[in-house]
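An overview of the molecular structure
This is what each chain is made of:
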Amino acid sequence: MSRRIEVELTSARDDGTWTWRAAGAREPKGALDAALLPDGSSVGDVLRVDAEFGIDGIEIIGVLPPKAARAEPERLEIIGRPVDDRPVTTRLTSKPGARDGDRRERGDGKQRRPRRDRKAKSSEPTDHGERPKRKRTERPEPDTPPRPKTPRLRPKRTHRDQVLAELPEEHKPVAEQVLSGGVPAVRQAIEKRNAEAREAGEAEVNPDKLVALAEQLLPSLRAAEWRDRAEAALEGIDTIDLRDIRSVVVAADSSARDDEARALAQQLQAGLSERVDREHRSWLDELAATLRDGRAVRALRLSSRPPKAGAPLPGELAAQLTDAAAASLTSETGQQRYATVLDALAYSPVRTHVKPQGLPAE
């Protein structure tokens, strides 16, 4: 299960990875693939990331774009009812054929007045005045329906269960704690058990032997868990989310220990490269088609999400995207449309080349 945390970049390695630590703290820390970082990243940058916590530590599987600062507080627009939707009054009318003085006889011999008819609605407006006119706002550029979400990696537990089955019964509780949170989870479980023992007046557990056992079991459990993830990723190489596949490939350096596992890692790396190249070509074709349709906002947002991180836009396509963005930022563009274009442009690779042709009149 992935969680969202903030990390600070601490250094760049020669092997194409960056070291990081939790923002504002020394722990936790680790390394991530440079391909996940946005262009222009440097030491000291604080980023929001999606991280998976496993037995081998924390793996960064995705980097979120930074939050854009707002120039002014966010406001809510209050829109009144349409002019034609005026309040109405009601007027009681008597039932047809009835007279004001008529009385009807009840079962007890007493007289009663005739029942009034239902309230009749009048279309006459009240004297409260007209409602304010609805403020007309520009409609945003129509967008295509959102793409269906790609399935996430759901590995089986074949190799993990096999390793657990081969362990002695007294070792299985420790192994399960290792699988849930690594060696730190074992230490926490021991501390909780000893705290309960102290309250009950019982003997405490010696943590040294259990921690040593957990450290001994960790490599084989980590390799088995990676093997299950790698086989599931290879089976769904054409459909599973690319972030999940990349996380398995990155973890192969520390988890693929034997020849069979290393061969599986190479096969997975080749499949990932082929998948990324294929999706990158499809992405370029979709971007070109969107520009031909005159949909600048859609094209800008699409350009900020390339399947292949760090791959530059072709020169001709980048020039078309720059011209389309500039043509959408003129003095005749409404406020809402102008803000929508700027928001889409903020994360586009052509953001430094676009020169607005003007500002909105209001």
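Shown above is the structure to which this text applies.
The structure contained in this document is the topic of the report that follows. A quick note: this is a predicted structure, and the numbers were derived from the prediction, not measured.

1. Considerations on the overall build of the protein
Across its full length, the protein holds 8 helices and 9 strands. Every one of the 362 residues in the protein was classed for burial, and the buried ones make up 33%. For the protein, restricting intrachain contacts to residue pairs at least 6 apart in sequence, the fraction spanning at least 24 positions comes to 64%. Summed over its atoms, the accessible surface of the protein is roughly 24,700 Å², and 48% of this surface lies on carbon and sulfur atoms.

2. Thoughts on the nonpolar core
Counting 22 residues, the largest nonpolar core has Leu300, Leu313 and Val350 as its most contacted members. Sorting the residues of this core by element identifies α5 (259-292), α6 (296-303), α7 (315-327) and α8 (335-345) as the ones contributing at least two each. Residues in contact with Val350, not counting those within four places in the same chain, are Leu300, Leu313, Ala318, Leu321, Thr322 and Leu345.

3. Brief notes about the packing of helix α1 (residues 158-165) against helix α3 (residues 207-235)
Packing of α1 against α3 leaves a shortest axis separation of 7 Å and a crossing angle of 155°. Looking at the two axes, α1 sits roughly antiparallel to α3. Where α1 approaches α3, its residues Thr158, His159, Arg160, Val163 and Leu164 are matched on the opposing element by Ser220, Leu221, Ala224, Glu225, Arg227, Asp228 and Glu231. Classifying every residue of the contact of α1 with α3 by side-chain character gives 4 nonpolar, 3 polar and 5 charged.

4. A short note on the environment of Arg21
Within the secondary structure layout, Arg21 lies in strand β2 (residues 17-22). Sequence-wise, Arg21 and Leu9 are 12 residues apart; in three dimensions their C-alpha atoms are separated by 6.8 Å. Among all residues touching Arg21, those that are not within four sequence positions of it are Val7, Glu8, Thr10, Arg26, Pro28 and Lys29.

5. Structural notes on α8
Every buried residue belonging to α8 is among Tyr338, Val341, Ala344 and Leu345, and all of these are buried. Buried residues in α8, looked at end-on, bunch into an arc of 130°, giving them a common side. Buried residues belonging to α8 abut α6 and α7.

6. Thoughts on the environment of Val186
Position of Val186 among the secondary structure elements: in helix α2 (residues 172-200). C-alpha of Val186 to C-alpha of Pro207: the two residues are 21 residues apart in sequence and 9.0 Å apart in space. Every residue in contact with Val186, bar those within four places of it in the chain, is listed here: Val174, Gln177, Val178, Leu210 and Ala214.

7. Comments concerning the packing of α3 against α5
Interaxial distance between α3 and α5 falls to 10 Å at its minimum, and their mutual angle equals 35°. As α3 runs across α5, the sense of the crossing is left-handed. Here Trp226, Arg227, Ala230, Glu231, Ala233 and Leu234 of α3 come into contact with α5, specifically with Glu260, Ala261, Leu264, Ala265, Gln267 and Leu268. By residue class, the composition of the contact of α3 with α5 is 8 nonpolar, 1 polar and 3 charged.

Here is what the cut-offs are and how they apply
- Residues numbered from 1 in each chain as written.
- Predicted model: local features only at pLDDT ≥ 70, side-chain atom pairs only at ≥ 80, totals over all residues.
- Heavy atoms only, no water.
- Helix = DSSP H or I, 4+ residues; strand = E, 2+ residues; numbered from the N terminus.
- Buried < 20%, exposed > 50% of the residue type's maximum accessible area, 1.4 Å probe, protein only.
- Contact = heavy atoms within 4.5 Å.
- Areas by Shrake-Rupley, 256 points an atom, 1.4 Å probe, with all protein chains shown as cover.
- Core = buried A, V, L, I, M, F, W, Y, C linked by side-chain atoms within 4.5 Å.
- Axes fitted to C-alpha atoms, helices over the stretch in contact; angles between N-to-C directions.
- Parallel < 35°, antiparallel > 145°, perpendicular 65-115°, else oblique.
- Nonpolar A, V, L, I, M, F, W, Y, C, P; charged D, E, K, R; others polar.
- Arc of directions from axis to C-beta.
- Left-handed = near helix turned anticlockwise from the far one by under 90°.

It is worth stressing that arrangement in space is one thing and function is another; only the former is reported here.
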